[in-house]
Amino acid sequence: APRPGGRRLIVTSWRMSRGTPESSNDRLFCLEQVLRARPAFRVTQVFAPTPLKERLLPLHALLALVELTGSRYSEEELARSKLGWWRLELLGRGAAKSAHPVLRELARSGAAERLPGDAITALLDGAEQRLQAAPPVDLDALMTACREIQAPQRALEEAVSDLSSETPHGLVNADAQVGLLQLLRESTRRPQQEAFWWLPLQLLAKHGVSRTEVAASRGTGSAANLLLEIRAKAARAGKASPGRRAGSAQRPAALRHLAVTCVLSRRQLGRMTVQAPAEWPGQLSAMGLRDLVAAWNIARRYSA
């Protein structure tokens with residue numbers, strides 16, 4: 001769990017933001033939603049440039065709520081209904097006309113007007129498809145699914161950050177790892193029999209284990225080897241490390257938050273895949289000194 005006082009300090013910083021009591025409450029609501037699904041945001045948001053923070057907060061609250069909607073409801077129809085509501089509010093009525101705190105904050109901060117409709121559609125389509133998705137056949141199919149999870153989210157952050165989607169920056173290479181980490185997060189909320197739907201069929205056969213056995217494993221044996229093989233594949237997919245192959249002109253400060261998110265996601269993924277799945281919820285909230293150093297080191301490259 002977050003360290004005592006850690007979350008309080010972040011909440012206090014948002015309370016100090018200028019605005020009406022309603023807008024302050026909306027920002028606090030946004031922060032609470034992000035930390036429910038993506039506790040690492042309490043660290044990554046620190047590295048975002050100050051002018052960008054107000055737009056990133058409601059965006060990541062939206063991403064967190066979509067992720068939670070797709071993974072926490074046992075009734076598929078209820079989840080589909082909620083995703084349909086988000087689709088209507090975002091692509092139909094528009095955030096400016098919504099009474100939802102996250103959408104109000106998206107509109108107030110100026111983030112809503114920057115959100116590309118095709119990325120919103122891809123985000124919601126992906127969440128709906130994962131409600132009853134067919135398992136991938138092999139590792140390549142899994143990596144494709146992971147990239148499809150992260151790509152629209154990265155596109156939305158780029159848009160909110162006023163970055164051209166055509167600017168090469170190398171962070172696209174981390175899509176497979178960030179998307180895989182989201183699948184692991186979603187697995188912690190789904191019923192055990194559905195939690196590991198994304199494990200490739202060929203890999204289960206190769207290691208001689210079932211999804212149920214992976215869910216109940218203790219971080220050793222064939223189930224652990226299977227997860228390590230998946231992690232290694234994702235690492236190869238993201239071999240071009242964030243920031244290392246991009247020139248200084250391709251490392252603007254507006255990309256700093258995304259770069260830090262990619263690095264910390266890779267580190268979280270590395271820890272979780274050597275732990276028993278029952279321990280994953282605790283690992284999602286864990287953040288140590290080495291993580292902060294890694295975040296600081298990558299953030300320094302994005303200061304132009």
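**Q** Please clarify how helix α2 (residues 21–37) should be interpreted in this entry.
**A** In an α-helix, one turn spans 3.6 residues; hence positions three or four apart end up facing the same way. Taking 1.5 Å per residue, 17 residues should reach 24 Å; α2 reaches 25 Å between its end C-alpha atoms and fits that length. Here α2 has its buried residues at Ser-23, Ser-24, Asp-26, Arg-27, Leu-28, Cys-30, Leu-31, Gln-33, Val-34, Leu-35 and Ala-37.

**Q** What's the story with the side chain of Arg-42 in this structure? I'm lost.
**A** One can find Arg-42 in helix α3 (residues 41–44). Asp-291 is the oppositely charged side chain nearest to the buried, salt-bridge-free Arg-42, at an N-O distance of 8.3 Å. A polar atom in the side chain of Arg-42 sits 3.1 Å from the backbone oxygen of Pro-39. There is a polar contact of 3.0 Å between the side chain of Arg-42 and the backbone oxygen of Ser-285.

**Q** Before we go on, may I ask you to explain unusual backbone geometry in this structure?
**A** Trans is the prevailing form of peptide bonds, just as negative phi is the prevailing case for residues other than glycine. Residue Asp-162 is not a glycine yet carries a positive backbone phi of 60°. Inspection of the secondary structure puts Asp-162 in the loop between α8 (139–160) and α9 (175–187).

**Q** What should I look at first to understand the pattern of salt bridges in this one?
**A** Any two side chains of opposite charge can pair, on the condition that their charged atoms come close. Applying the stated criterion across every chain, the model contains 22 salt bridges. As a salt-bridge pair, Asp-26 and Arg-104 come within 2.8 Å of each other at their nearest N and O atoms. Residue Asp-26 is located in helix α2, and its partner Arg-104 is located in helix α6 (residues 101–109); the two are separated by 78 residues in the primary sequence. Residue Asp-26 is classed as buried on the basis of its relative accessible area, which comes to 5%.

**Q** Just to check I follow, could you spell out the nonpolar core for this structure?
**A** Inside soluble globular proteins, nonpolar side chains tend to come together where they are buried. Counting 33 residues, the largest nonpolar core has Leu-62, Leu-106 and Leu-156 as the members making the most contacts within it. Every element with two or more residues in this core is listed here: α2, α4 (50–72), α5 (76–93), α6, α7 (117–129) and α8. With nine residues, α4 is the single largest residue contributor to this core. Apart from the residues lying within four places of it in its own chain, the contact partners of Leu-106 are Pro-58, Leu-59, Leu-62, Leu-90, Ala-111, Ala-112 and Leu-115. By size, the runner-up hydrophobic cluster in this structure holds 29 residues, among which are Leu-142, Leu-204, Ala-215 and Leu-284.

Criteria and cut-off values
Residues numbered from 1 in each chain as written. Predicted model: local features only at pLDDT ≥ 70, side-chain atom pairs only at ≥ 80, totals over all residues. Heavy atoms only, no water. Helix = DSSP H or I, 4+ residues; strand = E, 2+ residues; numbered from the N terminus. Expected span 1.5 Å × (residues − 1). Buried < 20%, exposed > 50% of the residue type's maximum accessible area, 1.4 Å probe, protein only. Lys, Arg positive; Asp, Glu negative; His and termini not counted. Salt bridge = Lys/Arg side-chain N within 4 Å of Asp/Glu carboxyl O. Polar contact = N/O pair within 3.5 Å; in protein donor to acceptor, adjacent residues only side chain to side chain. Core = buried A, V, L, I, M, F, W, Y, C linked by side-chain atoms within 4.5 Å. Contact = heavy atoms within 4.5 Å.

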